[in-house]
Number of protein chains: 2
Amino acid sequence: MKPCTSGSRTSWKTDAIARGQLRAGERLPSVRTTCRVRGVSPATVFQAYGLLEAQGLIEARPRSGYFVRARRRVRGAQPTAAPAVPQATEVRVSDLSLELLQAVQDEALVPLGSAFPASHLFPFEELARCGARAMRRVRPVQVTSAGAAGDARLRYALQRRYALHGVALGADEPIITNGAMEALNLSLQAVTRPGDLVVVESPTFYAALQVLDRLGLRALEVRTDPAEGIDLEALQTLLDEHRVAACWCMTSFQNPLGALMPDARKQALVQLLSRRGVPLIEDDVYAELYGGLQRPRPAKAFDTEGWVLHCGSFSKSLAPGYRVGWAAPGRFASQVLRLKIMSSLATSLPAQLALAEFLAQGGYDRHLRGLRQALTQQREQARRLVARHFPQGTRVTHPTGGYFLWLELPPAVDALTLYRLALNEGISTAPGMLFSGDGRFTHHMRLNVGHPGDARLAPAVQRLGELAAGLAAAAAEGAGVNAGGKAGHATDRQAVAVPPPASA
Amino acid sequence: MKPCTSGSRTSWKTDAIARGQLRAGERLPSVRTTCRVRGVSPATVFQAYGLLEAQGLIEARPRSGYFVRARRRVRGAQPTAAPAVPQATEVRVSDLSLELLQAVQDEALVPLGSAFPASHLFPFEELARCGARAMRRVRPVQVTSAGAAGDARLRYALQRRYALHGVALGADEPIITNGAMEALNLSLQAVTRPGDLVVVESPTFYAALQVLDRLGLRALEVRTDPAEGIDLEALQTLLDEHRVAACWCMTSFQNPLGALMPDARKQALVQLLSRRGVPLIEDDVYAELYGGLQRPRPAKAFDTEGWVLHCGSFSKSLAPGYRVGWAAPGRFASQVLRLKIMSSLATSLPAQLALAEFLAQGGYDRHLRGLRQALTQQREQARRLVARHFPQGTRVTHPTGGYFLWLELPPAVDALTLYRLALNEGISTAPGMLFSGDGRFTHHMRLNVGHPGDARLAPAVQRLGELAAGLAAAAAEGAGVNAGGKAGHATDRQAVAVPPPASA
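Residues numbered from 1 in each chain as written. Chains lettered and ligands numbered in written order. Predicted model: local features only at pLDDT ≥ 70, side-chain atom pairs only at ≥ 80, totals over all residues. Heavy atoms only, no water.

Under an unreviewed UniProt entry, chain A has the name GntR family transcriptional regulator and belongs to Ottowia oryzae. The heading Sequence similarities (unreviewed entry) in the UniProt record of chain A holds the text "In the C-terminal section; belongs to the class-I pyridoxal-phosphate-dependent aminotransferase family." (UniProt positions renumbered as here; feature names shortened; annotations may be inferred.)

Given below as structure tokens:
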């Protein structure tokens, strides 16, 4: 299938769209119809529509066919002094997160809502060379008999890396997985049964809520401080009151807050849970993106009894798209391995071998140094922009690692409305309601500041601030208060922790 | 980490093992101890033990450390006229299948118990070149924003391929997954809730039982004919008697029977289920390995209402180890995609791009022609060997595709005992009890005949026959009957279908 030959097959539709014969939202003729009318095979039509979709001209909608896409303006809209405030509609977190996932695949959007850093920060050329080298050297038996636990060379490289950071993994750790997402799924499933209660942070990474949902688990959200992480006192109270099956925490540079638990609190967390025999699922995918002097130690480092199921990944630090992560599940290693075999048998070998080769030749730390520096600079730049352009009363976190900022807007500003307005102007954001099971973060949002060098960032943040100010002013006017509708300066304090939740 | 430098670190243990200082089954000193004694870092010790493990000298045992492995003789043992018959111990299917999975990773074993064909049958060199080419050409945004449904180019290649076989996939099909195993997991989860009843074939692929187990589902095993597949009458009766949530079938070259449902029966199956709104999970990973004139049509080809969740893979036909499969879930596509996002987000990109490139340059069908020819020849050769060497009363299937033979041994021969005896002589087999939830196939076994050119095959099959004959003779003597203990000739008829099961 050569794009050059297939391109011509798409021209008649491209022209039709350009000429406006097919307008945004309009349904394209069915494959069957097109086959008949054009006298071509279904394969040809699928291929043509596929290319149009790849060009962003049309989109496939589940079970209903192909539709012409609306073209979005990337920038340039004038400030809306007081935009009409649409009602925030009832939205399921998973629906909204799926919508967001689709949105951030649109290159035309300024990716402030994305979960990944800019891809130009990663050494894909070098990884491709490593992959080619490794796959040429691969012994056939490796391919058919690759252990479910993962490629031996990659596992030992990780064991060594953890050892250098003071964490001695067991002989059966790590287990290589399809990204941290699978590691977290398997780890959680290994220690829970449907209906169980699982403690998560508040706010928490929306994928955690989805994983709980998928496994039929119930979430208990615990107040989490933007600087120090999950509230241990609140957690202890919950553990006294409920039979908790597991606790899921991001101990370093938590998503979305960026919180970094101090070692003492990590140790206290592990002890608190171990005493009660409650497994800790540690999501540690951001630790390598520290802005300080050294990699924060994971809670796993303080685990003497094997109660920590530690999960990591290369997706945020080295190779997005390769989908290579791992679990170091402590005493639950054999259960996790068994679940891995039942759910996906093994992890894709080309990606594993490419990473093993890259790690073996020692380029990882050099790459990480550059990545950390770039992210640290952009975090600071973005915080300044937020302070300058967002309305009075806005609060923003001050993370020392990772690439997320968490904004608490004036209570009157509905973040979902802001999300829709911004998306309409070509800017994606992650509205706060995504990060809780009960949508309690109505006037909060997460900004991805992992795209250094993107000239669209500054104007996009400014425009976001203007839209937020407009919503704040409109609300104030609606409430009979004259707030002038002018964007004030954001206070540069840390976002306050939200009140403790009622138990699920 | 360079083996050459690390090799030396392992020599002291290698020598110790060679000198017999460390005997089979003996535990190696703990990492901590070795660090102290040798004055090296934990990383070095992990690495050294890892290399010893890779050399097959030692093995890691969950939570208990590293142990010296027993060396198995590959061949050469004299025929055992009447070996002592160990009691078949209680074994859980999943334990046994995990043991088997470990066993077939041992290159020294004759892989008659393996689930994969010989790796020399696959174009890994060419795939590696395609991968390198594709990964060099990849646009960065592809990597961070690769759709959860999979690489567009690979999806269209599959859509076209299905179209050529008369199956028009929907615009939202296929969804690329981590092998067929994930596709089957997601498909089954999309249409069931824990506690539901799911119909499977009897005998069935043991992984299906594991997936049901993992999802908290209950299996209803339906009599399946070695030639024509699942018994539609028995199925209809079950559907009348029970609330069935889904039906899982391998419609072409079923594992382990090799059964190929005729088109008419596939159509009847789809109609029977669609009338009742019961989804069909179609595991179709062997269809490309047909010995006849053309690829058998999948049940999906007869699906007019979207009730078939069709699952395929490249793992058996093109690229084992790449872990690239797909689901074409009909009306359940959006649910399956949502579950994919929640469980592993996306499928590893390097493997997808390598396969898309390989398919685009048109080498797939040429490769398949050679693969089919090799497998067909070896199926026939192996059937002749079984007929020659196995005891009287043995029955063997006559599949027209795939690479499995299913043997029904004389009732007195315990297949698990045979499995242990053979393993002890360096031959792996897949005992029949793996293929049912209640271990009913006590005197059956599956043989992998997907290793053409392996000189060890003929003597291994002969030796298996001798061991089986010995067990039959011993049982006969034990029963006071003089069976002479001599191996007779196997009847060359098809294995009879087993009686219908009591419902789970």
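That covers the picture; the talk isn't over yet.
Enquirer: Let's hear about the nonpolar core: which residues, and what values?
Expert: B:L188, B:F314 and B:Y322 are the most contacted members of the largest nonpolar core, which has 123 residues in total. Ranked by the residues each element gives to this core, the list is headed by helix 8 (residues 179–191) of chain B, at eight residues. In contact with B:L188, not counting residues within four places along its chain, are B:V198, B:V211, B:L212, B:L215, B:L217, B:A246, B:W248 and B:I281. Grouped together as the second largest cluster of nonpolar side chains are 119 residues, A:F122, A:F124, A:V222 and A:A327 included. (Core = buried A, V, L, I, M, F, W, Y, C linked by side-chain atoms within 4.5 Å. Buried < 20%, exposed > 50% of the residue type's maximum accessible area, 1.4 Å probe, protein only. Helix = DSSP H or I, 4+ residues; strand = E, 2+ residues; numbered from the N terminus. Contact = heavy atoms within 4.5 Å.)

Enquirer: Any chance you could break down unusual backbone geometry for me, citing the residues and the numbers?
Expert: In terms of backbone geometry, most residues other than glycine have negative phi values and most peptide bonds are trans. Between A:E173 and the following residue, A:P174, the backbone shows a cis peptide bond with an omega angle of -10°. Between B:N255 and the following residue, B:P256, the backbone shows a cis peptide bond with an omega angle of 15°. In the Ramachandran plot, A:R323 falls in the positive-phi region, its phi being about 55° despite a non-glycine side chain. Along the polypeptide, A:R323 turns up in the loop between strand 10 (308–313) and strand 11 (324–328). A positive phi angle, near 65°, is found at A:L345, a position not held by glycine. In this structure, A:L345 sits in the loop between helix 12 (333–343) and helix 13 (349–360). For A:L345, a relative accessible area of 18% gives the class buried.

Enquirer: For the packing of helix 10 (residues 232–241) of chain A against helix 11 (residues 263–276) of chain A, give the residues involved together with the corresponding values.
Expert: Residues and elements named next belong to chain A. Helix 11 packs onto helix 10 with a crossing angle of 5° between their chain directions and a minimal axis gap of 11 Å. One element, helix 10, and the other, helix 11, form an angle in the roughly parallel class. Along the contact surface, helix 10 presents L232, L235, Q236, L239 and D240, while helix 11 presents R265, A268, L269, L272, L273 and R276. Considered class by class, the residues forming the contact of helix 10 with helix 11 number seven nonpolar, one polar and three charged. (Axes fitted to C-alpha atoms, helices over the stretch in contact; angles between N-to-C directions. Parallel < 35°, antiparallel > 145°, perpendicular 65-115°, else oblique. Nonpolar A, V, L, I, M, F, W, Y, C, P; charged D, E, K, R; others polar.)

Enquirer: An account of the confidence of the model for chain A is needed here, citing residue identities and associated values.
Expert: Residues and elements named next belong to chain A. For chain A, mean pLDDT is 83; residues scoring 70 or higher make up 76% of the total. For residues 1–21, every residue scores under 50 in pLDDT, and the model assigns this stretch 34 contacts once sequence neighbours within four places are set aside. Low confidence marks residues 71–91, where pLDDT is under 50. Its contacts with residues over four positions away, or in another chain, come to 44 contacts. Across the interface, the model reports ipTM at 0.79; the global pTM reads 0.80. (pLDDT = per-residue confidence, 0-100.)

Enquirer: So, the relation of the copies chain B and chain A: which residues are in play, and what are the values?
Expert: When chain B is brought onto chain A, the operation consists of a screw motion whose angular component is 180° and whose axial shift is 0.0 Å, with 0.0 Å RMSD remaining. The transformation relating the two chain copies, once decomposed into turn and shift, fits a two-fold axis. Taking C-alpha positions as the reference, the residue of chain B nearest the rotation axis is B:A132, at 2.6 Å. (Least-squares fit on C-alpha atoms with pLDDT ≥ 70 in both.)

Enquirer: A description of the pairing of strand 6 (residues 218–225) of chain A should follow, citing residues and the corresponding values.
Expert: All names here are of chain A. Bridge count between strand 5 (residues 197–202) and strand 6: six bridges; the pairing is parallel. The partner of V199 across the bridge, within strand 6, is L220. Regarding topology, helix 9 (residues 206–214) serves as the crossover connection from strand 5 to the parallel strand 6, and that connection is right-handed. Alignment of strand 6 against strand 7 (residues 229–230), held across two bridges, turns out to be antiparallel. (Pairing = 2+ DSSP bridges. Right-handed = clockwise from strand over helix to strand, strands pointing away.)

Enquirer: Give a description of the sheet that holds strand 12 (residues 395–396) of chain B that names residues and reports values.
Expert: Residues and elements named next belong to chain B. Here four strands make up an open sheet; going across it, the order is 12-13-16-15 and the pairing antiparallel. The sheet is open, and its two borders are formed by strand 12 and strand 15 (430–431), each paired with just one other strand. Strand direction decides the pairing type here: strand 12 and strand 13 (residues 404–408), joined by two bridges, are antiparallel. Note that in strand 13 the partner of R395 across the bridge is E408.

Enquirer: Just give me the short version of the interface of chain B and chain A, but keep the residues and values in it.
Expert: On the chain A side, the residues contacting the 77 residues of chain B number 77 residues. Linking chain B with chain A are zero salt bridges, by the criterion used here. If you look at where chain B meets chain A, you find 12 residue pairs in polar contact (both at pLDDT 80 or more). Here the side of chain B that touches chain A is composed, by residue class, of 39 nonpolar, 20 polar and 18 charged. (Salt bridge = Lys/Arg side-chain N within 4 Å of Asp/Glu carboxyl O. Polar contact = N/O pair within 3.5 Å; in protein donor to acceptor, adjacent residues only side chain to side chain.)

Enquirer: Mind laying out the state of the cysteines, listing which residues take part and the relevant values?
Expert: Residues and elements named next belong to chain B. Tallying each qualifying case throughout the model produces zero disulfides over all chains. Just so you know, C247 is unpaired, no disulfide at all, and the nearest cysteine sulfur is the one on C249, 3.6 Å from it. The class for C247 is buried, based on a relative accessible area of 0%. Not part of a disulfide, C311 finds its nearest cysteine sulfur in C249, a span of 12 Å. (Disulfide = S-S within 2.5 Å.)

Enquirer: Provide a residue-level description of helix 5 (residues 124–137) of chain A, including the pertinent values.
Expert: With 14 residues, helix 5 of chain A should cover 20 Å at 1.5 Å per step; its first-to-last C-alpha distance of 20 Å lies within 8% of that length. Every buried residue of helix 5 of chain A is listed here: A:F124, A:L127, A:A128, A:C130, A:G131, A:A132, A:A134 and A:M135. (Expected span 1.5 Å × (residues − 1).)

Enquirer: Can you explain the packing of aromatic side chains? Please cite residues and give values.
Expert: Residue and element names in this part refer to chain A. A complete count under the given rule lists 24 aromatic pairs over all chains for this structure. Ring centres 5.8 Å apart and planes at 80° place the aromatic pair Y286 and F404 in the edge-to-face group. You can see Y286 sitting in the loop between strand 9 (280–283) and strand 10 and its partner F404 sitting in strand 13 (residues 404–408), a full 118 residues away along the chain. This pair shows no difference in class: Y286 is buried, exactly as F404 is. Connected via pairs of aromatic rings, a cluster forms that spans F205, Y206, W406, F435 and F441. Just above the ring of W307 sits the side chain of R331; from NZ or CZ to the centre is 3.9 Å. (Phe/Tyr/Trp six-rings, centres within 6.5 Å; stacked < 30°, edge-to-face > 60°. Lys NZ or Arg CZ within 6 Å of the ring centre and 35° of its normal.)

Enquirer: An account of the environment of B:I175 is needed here, citing residue identities and associated values.
Expert: Residue and element names in this part refer to chain B. Topologically, I175 is positioned in strand 4 (residues 175–178). With 299 residues separating them along the chain, I175 and A474 place their C-alpha atoms 53 Å apart. Other than its neighbours up to four places away in sequence, I175 contacts A148, A149, G325, W326, A327, P329, A333, V336 and L337.

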